[in-house]
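Spelled out from the first residue to the last, the chains are:
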Amino acid sequence: MKKLQRSNNKIIAGVCGGIAEYFNIDPVIVRLIFVVLVLFGFGTGILIYLIAAIIMPSSNSVSNYDDIENMKRAESPDSEGSGRNTKEGQPHSDKDFDSYFKK
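Residues numbered from 1 in each chain as written. Predicted model: local features only at pLDDT ≥ 70, side-chain atom pairs only at ≥ 80, totals over all residues. Heavy atoms only, no water.

Draft legend 1. View of the nonpolar core. With 11 residues, the main nonpolar core is built from Ala13, Val15, Cys16, Ile19, Ala20, Val30, Phe34, Tyr49, Ala52, Ala53 and Met56. Counting only elements with at least two residues in this core, the list comes to α1 (15–23), α2 (27–40) and α3 (44–55). In terms of residue count, the dominant contributor to this core is α1 (four residues). Setting aside its immediate chain neighbours within four residues, Met56 contacts Leu4, Gln5, Arg6 and Val15. (Core = buried A, V, L, I, M, F, W, Y, C linked by side-chain atoms within 4.5 Å. Buried < 20%, exposed > 50% of the residue type's maximum accessible area, 1.4 Å probe, protein only. Helix = DSSP H or I, 4+ residues; strand = E, 2+ residues; numbered from the N terminus. Contact = heavy atoms within 4.5 Å.)

Written out as structure tokens, the structure reads:
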């Protein structure tokens, strides 16, 4: 499933690149639309861009968030699978959590 997120293909904050990746179009087209909104929209384009830059997560933060959510789901007591306890039968420690993100 695609997620709307700021792109690494960025000029300012990656908003136009992220929108273009989401809709699978050329980022130049989205950037031109924002330029037209800025020039003829009495500042609407700037306002929309700033709000989008604040609200949209960056591509790195989304993947880290998904990793954390997947780990929480695997460790929850009502989930099935072997991910919730270690071999000794003890819950995972913070050390296990930190080592997961140091890959």
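There is more to say, and it comes next.
Draft legend 2. Structural context of the confidence of the model for the protein chain. Summary statistics for the protein chain give a mean pLDDT of 75 and a share of 58% for residues scoring 70 or more. Across the protein chain, element-level confidence peaks in α1 with a mean pLDDT of 90 and bottoms out in helix α4 (residues 59–75) with 61. Counting contacts from residues 81–86, a segment whose pLDDT is below 50, to residues more than four positions away or on other chains yields 16 contacts. (pLDDT = per-residue confidence, 0-100.)

Draft legend 3. Examining the packing of aromatic side chains more closely. Scanning all chains against the criterion turns up two aromatic pairs. Between Tyr22 and Phe23 the ring centres are 5.0 Å apart and the planes differ by 90 degrees, which places this aromatic pair in the edge-to-face class. For Tyr22, a relative accessible area of 32% corresponds to the partly exposed category. On the basis of relative accessibility, which here comes to 55%, the residue Phe23 falls in the exposed class. Centroid distance Phe34 to Tyr49: 5.5 Å. Interplanar angle 90 degrees. Geometry classified as edge-to-face. (Phe/Tyr/Trp six-rings, centres within 6.5 Å; stacked < 30°, edge-to-face > 60°.)

Draft legend 4. A look at the packing of α2 against α3. Their axes nearest at 6 Å, the elements α2 and α3 cross at an angle of 130 degrees. Here α3 runs oblique to α2, going by the angle between their axes. Across the interface between the two elements, Phe34, Leu37 and Val38 of α2 pack against Thr44, Gly45, Ile46, Ile48 and Tyr49 of α3. When grouped by side-chain class, the residues that make up the contact of α2 with α3 number six nonpolar, two polar and no charged. (Axes fitted to C-alpha atoms, helices over the stretch in contact; angles between N-to-C directions. Parallel < 35°, antiparallel > 145°, perpendicular 65-115°, else oblique. Nonpolar A, V, L, I, M, F, W, Y, C, P; charged D, E, K, R; others polar.)

Draft legend 5. Region of the structure containing the environment of Val30. By secondary structure assignment, the location of Val30 is in helix α2. C-alpha of Val30 to C-alpha of Gly18: the two residues are 12 residues apart in sequence and 9.6 Å apart in space.

Draft legend 6. View of the side chain of Ser7. Structurally, Ser7 can be placed in the segment before α1. Taking the relative accessible area as the measure of exposure, Ser7 reaches 3% and is therefore buried. Engagement of the side chain of Ser7 in a polar contact is seen with the side chain of Glu21, the distance being 2.6 Å. Not counting residues within four places of it along the chain, the set of residues in contact with Ser7 comprises Gly14, Gly17, Gly18 and Glu21. (Polar contact = N/O pair within 3.5 Å; in protein donor to acceptor, adjacent residues only side chain to side chain.)

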